[in-house]
Amino acid sequence: MRLSRYLLPTLKENPVEAQIVSHRLMLRAGMIRQTAAGIYTWLPLGYRVLRKIEQIVREEQDRAGAQELLMPTLQNSDLWKESGRYDAYGPEMLRITDRHDRVLVYGPTAEEVINDIARNELKSYKETPKILYNIQWKFRDEVRPRFGVMRGREFLMKDAYSFDLTYEGAKHSYNKMFVAYLRTFARCGVRAIPMKASTGPIGGDLSHEFIVLAETGEEQVYCHKDYLAMPIPSEDVDYDSDLEPIYNQWTSLYAATEDKYDEAEAKAVGDNLLSARGIEVGQVFYYGKKYSNPMNVAVAGEDGKPVLIEGGCYGIGVSRLMGAIIEACHDDNGIIWPESVAPFKVGLVNLGTGKEVADKACDDLYAKLTKAGVEVLYDDRDERAGVKFSTMDLIGLPYQLIVGLRGLEKGVVELKNRKTGERREMSPEDAVAFLTR
RNA sequence: CGGAGUGUAGCUCAGCUUGGUAGAGCACUACGUUCGGGACGUAGGGGUCGGAGGUUCAAAUCCUCUCACUCCGACCA
């Protein structure tokens, strides 16, 4: 993509409404613009990242055996009355009246819809287990939206739902999602630590929040230092095998958010206790018959008699995750994207725009890299070097390929690593080889 | 939802106390100089001062109502 043709409205100054770093940087890097409180337009650069994250989430869900479907944003309110949540949810749920005076709700989550599908379409125990998920926009009419996409009203969420015959089956589904989450967040370039979470009045102790550690996180968290180096399950993990060992490994050590903090437990960890700030990016939850009971979600068991489904739900805040990644990956100059979610892999910086030697060298590099499938943002604008460097640092592409007249005289270009700041001079051919390897 | 603020150019803000023909910096356009870390000069374009009503000869400025947004708290993917 040529920057001269790209919609990238960067800002030099900090918009006054943005209080935390990810919000500021997303506005300054031209990724989002607010349309109403907690509601954003995703500009091209931001949307590219959102799709990258979404795709990683999708791949790991699929790998774990979950199946993607797509549920509507607007839901029938009768389903919510049936589950008993229509009144329980309160004003946080946006209710809309259509021309026939029927009340629709803009889904804050989709348990009702998916359980309606399940009870209609799942007939026999032979059709279990199932894990179904969708990645869809949700709306929660937060009293006070803030922190940009970290706490918006409209947000993109992956929500998965499992349907099993027994508790043991449900636990296995839970483990699948648990493992998939470890992989998903790691692939996004952040370390998320599962921490024990409260499950509300339904009971059970089977729920974990996945917390990304970041200096600017919203809540205080405590965990054993060993979590920082604990190995992430490989992509070869067999999701049909017993996943308890992995689950046990990742839940054996102390990890708690501020409201679950227990001084005695924390003290027992001793010098290995890590106290940090964290951001919740996902939650897994076993809820048993909470919905299958009121909504009568049952399949025929082996004896032909109906068996109520054992359920669980598993969310990832996709749009929030982007904010969390920025909170964890930035410096004073801007964002530092992990390569897996970067909007482009490399920024091609032409320091001699208008000079034939430089233009030709850049056109050549751009063509070769693009042809090799590398995503390149080519800064072909007629701007000063400082402006181009600042833009690149701000938007945080992993590599900057800097082409200047000075270097071209020696037959070299410069490759800068955004994260380390390291710059290396090399021939254009070597640069292409490096970036396409 | 309680408390506190802010709405003036695309962005950051001044002007309001004490009413009198709408400003600065950045951004944008043109030209010139500059040219490897957000340059400089000159000349421009751009605002029914959030909206409605009121007071007044005269309202960005005073009064009333209203809408939006932000911050703190409670709540939360």
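Sequence order sets the numbering: in each chain, residues are counted from 1 along the sequence as written. As a convention, the first chain written is A and the first ligand written is 1, with the rest following in written order. Owing to the predicted nature of the model, reporting of local features is limited to residues with pLDDT of at least 70; listing and counting of side-chain atom pairs is limited to 80 or more, with chain, interface and lining totals taken over all residues. Side-chain measures here rest on the full set of heavy atoms in the structure, leaving out hydrogens and waters.

A tally of regular secondary structure across chain A gives 14 helices and 23 strands. The C-alpha atoms of chain A give 24 Å as radius of gyration, which agrees with the globular expectation for 437 residues (22 Å, within 12%). Overall size of chain A, expressed as C-alpha extent along the three principal axes, is 80 × 60 × 40 Å. Working rule for contacts: check all heavy atoms of both residues, and any pair within 4.5 Å makes them a contact. Partitioning the contacts of chain A with sequence separation of at least 6, the portion at a separation of at least 24 is 70%. As used throughout, the charge tally considers Lys and Arg to be positive and Asp and Glu to be negative, leaving His and the chain termini uncounted. Positions of charges follow a simple convention, taking NZ of Lys, CZ of Arg, CG of Asp or CD of Glu. Computed over 57 positive and 66 negative side-chain charges, the separation of the two mean positions in chain A equals 4 Å. Helical segments are the DSSP runs of H or I of at least four residues, strand segments are the runs of E of at least two, and each set is numbered from the N terminus. Only C-alpha atoms enter the radius of gyration; for comparison, a globular chain is expected to reach 2.2 Å times N to the power 0.38, where N is the number of residues.

Moving on: the protein's contact with RNA strand B. Surveying the vicinity of RNA strand B reveals 37 residues, the closest of which are Arg 144, Gly 152, Glu 280, Asp 393 and Arg 423. The cutoff for a nearby residue is simple: one of its non-hydrogen atoms must lie within 4 Å of the molecule or strand. When the atoms of RNA strand B within 4 Å of the protein are grouped by moiety, sugar and phosphate amount to 40% of the total. Here Gln 34 contributes a side-chain N or O atom positioned 3.2 Å from a sugar or linking oxygen of RNA strand B. In protein, a polar contact means a hydrogen-donor-capable atom and an acceptor-capable atom, both N or O and within 3.5 Å, with residues adjacent in sequence counting only if both atoms are side-chain atoms; elsewhere, any N or O pair within 3.5 Å suffices. One of the side-chain N or O atoms of Arg 406 is found 3.5 Å from a sugar or linking oxygen in RNA strand B. Mapped by element, the contributors of at least two residues to the surface near RNA strand B are strand 1 (32-36), helix 12 (385-395), helix 13 (405-410) and strand 22 (413-417). The element that contributes the greatest number of residues to the surface near RNA strand B is helix 12, accounting for eight residues.

Overall, antiparallel pairing links the three strands, which are arranged 4-6-5 in an open sheet. The open sheet is flanked by strand 4 (74-76) and strand 5 (94-97), the only strands paired with a single partner. On average, each strand axis in the sheet is tilted by 40 degrees relative to the strand beside it, whichever way the strands run. At least two bridges found by DSSP between two strands is the condition for calling them paired. Sheet topology places strand 4 next to strand 6 (residues 103-106); three bridges connect them, and they run antiparallel. Pairing of Leu 74 across the sheet is with Tyr 106, part of strand 6. Throughout, an axis means a line fitted to C-alpha atoms (over the contacting stretch in the case of helices), and angles, computed between N-to-C directions, take values from 0 to 180 degrees.

Put simply, a salt bridge is a Lys or Arg side-chain nitrogen that is within 4 Å of an Asp or Glu carboxyl oxygen. According to the stated counting rule, one finds 29 salt bridges in the structure shown. Residue Arg 48 is joined to Glu 375 by a salt bridge in which the shortest nitrogen-to-oxygen separation is 2.9 Å. Highlighted residues: Arg 48 in helix 2 (residues 44-63) and Glu 375 in the loop between helix 11 (356-371) and strand 20 (376-379), separated in sequence by 327 residues. Residue Glu 112 is joined to Arg 85 by a salt bridge in which the shortest nitrogen-to-oxygen separation is 2.8 Å. Pair noted here: Glu 112 is in helix 5 (residues 111-121) and Arg 85 is in helix 4 (residues 85-88), with a separation of 27 residues, a long-range link. Like Arg 85, Glu 112 is buried. Here the salt bridges share partners, and the residues they tie into one network are Glu 59, Glu 60, Arg 63, Arg 183 and Arg 187. Summary of the burial criterion: residues with accessible area below 20% of their type's maximum are buried, those above 50% are exposed, and those between are partly exposed, where the area comes from a 1.4 Å probe applied to protein chains only.

Further remarks concern the packing of helix 11 against helix 14 (residues 428-436). Contact geometry of helix 11 with helix 14 gives a least axis separation of 10 Å together with a crossing angle of 25 degrees. One way to sum up the angle between helix 11 and helix 14 is to call them roughly parallel. Considering only the axes of helix 11 and helix 14, their crossing is right-handed. Here Leu 365, Lys 368 and Leu 369 of helix 11 come into contact with helix 14, specifically with Pro 428, Val 432, Leu 435 and Thr 436. In this count, Pro and Cys sit with the nonpolar residues alongside Ala, Val, Leu, Ile, Met, Phe, Trp and Tyr, while Asp, Glu, Lys and Arg are called charged and the others, Gly among them, polar. Looking at the contact of helix 11 with helix 14, its residues break down into five nonpolar, one polar and one charged. Angle categories: roughly parallel below 35 degrees, roughly antiparallel above 145, roughly perpendicular from 65 to 115, and oblique for all the rest. Left-handed describes a crossing in which the near helix is turned anticlockwise from the far one by less than a right angle; the clockwise case is right-handed.

Time to look at the environment of Thr 35. Structurally, Thr 35 is set in strand 1. Owing to a relative accessible area of 57%, Thr 35 belongs among the exposed residues under this scheme. Here Thr 35 is in contact with Tyr 40 and Thr 41, once residues within four sequence places are set aside. Only 3.3 Å separates the side chain of Thr 35 from the side chain of Thr 41, close enough to count as a polar contact.

The next thing to look at is the nonpolar core. Among buried residues, the Ala, Val, Leu, Ile, Met, Phe, Trp, Tyr and Cys ones that are joined through side-chain atoms within 4.5 Å form a nonpolar core. Counting 86 residues, the largest nonpolar core has Ile 53, Met 322 and Trp 337 as its most contacted members. It is helix 6 (residues 167-187) that contributes the most residues to this core, nine residues altogether. Each domain's extent is set by a domain assignment, obtained either automatically or from a database. Each of two domains, domain 1 (3-335) and domain 2 (344-436), supplies a minimum of three residues to this core. Ala 358, Ala 361, Leu 365 and Phe 434 belong to the second largest nonpolar core, which has 22 residues in total.

Our next topic: the side chain of Glu 142. With respect to the helices, strands and loops of the structure, Glu 142 is situated in the loop between strand 7 (130-139) and strand 8 (154-164). Looking at Glu 142, its side chain comes within polar contact range of the side chain of Arg 151, at 2.7 Å. If sequence neighbours within four positions are ignored, Glu 142 has contacts with Glu 92, Arg 151, Gly 152 and Arg 153.

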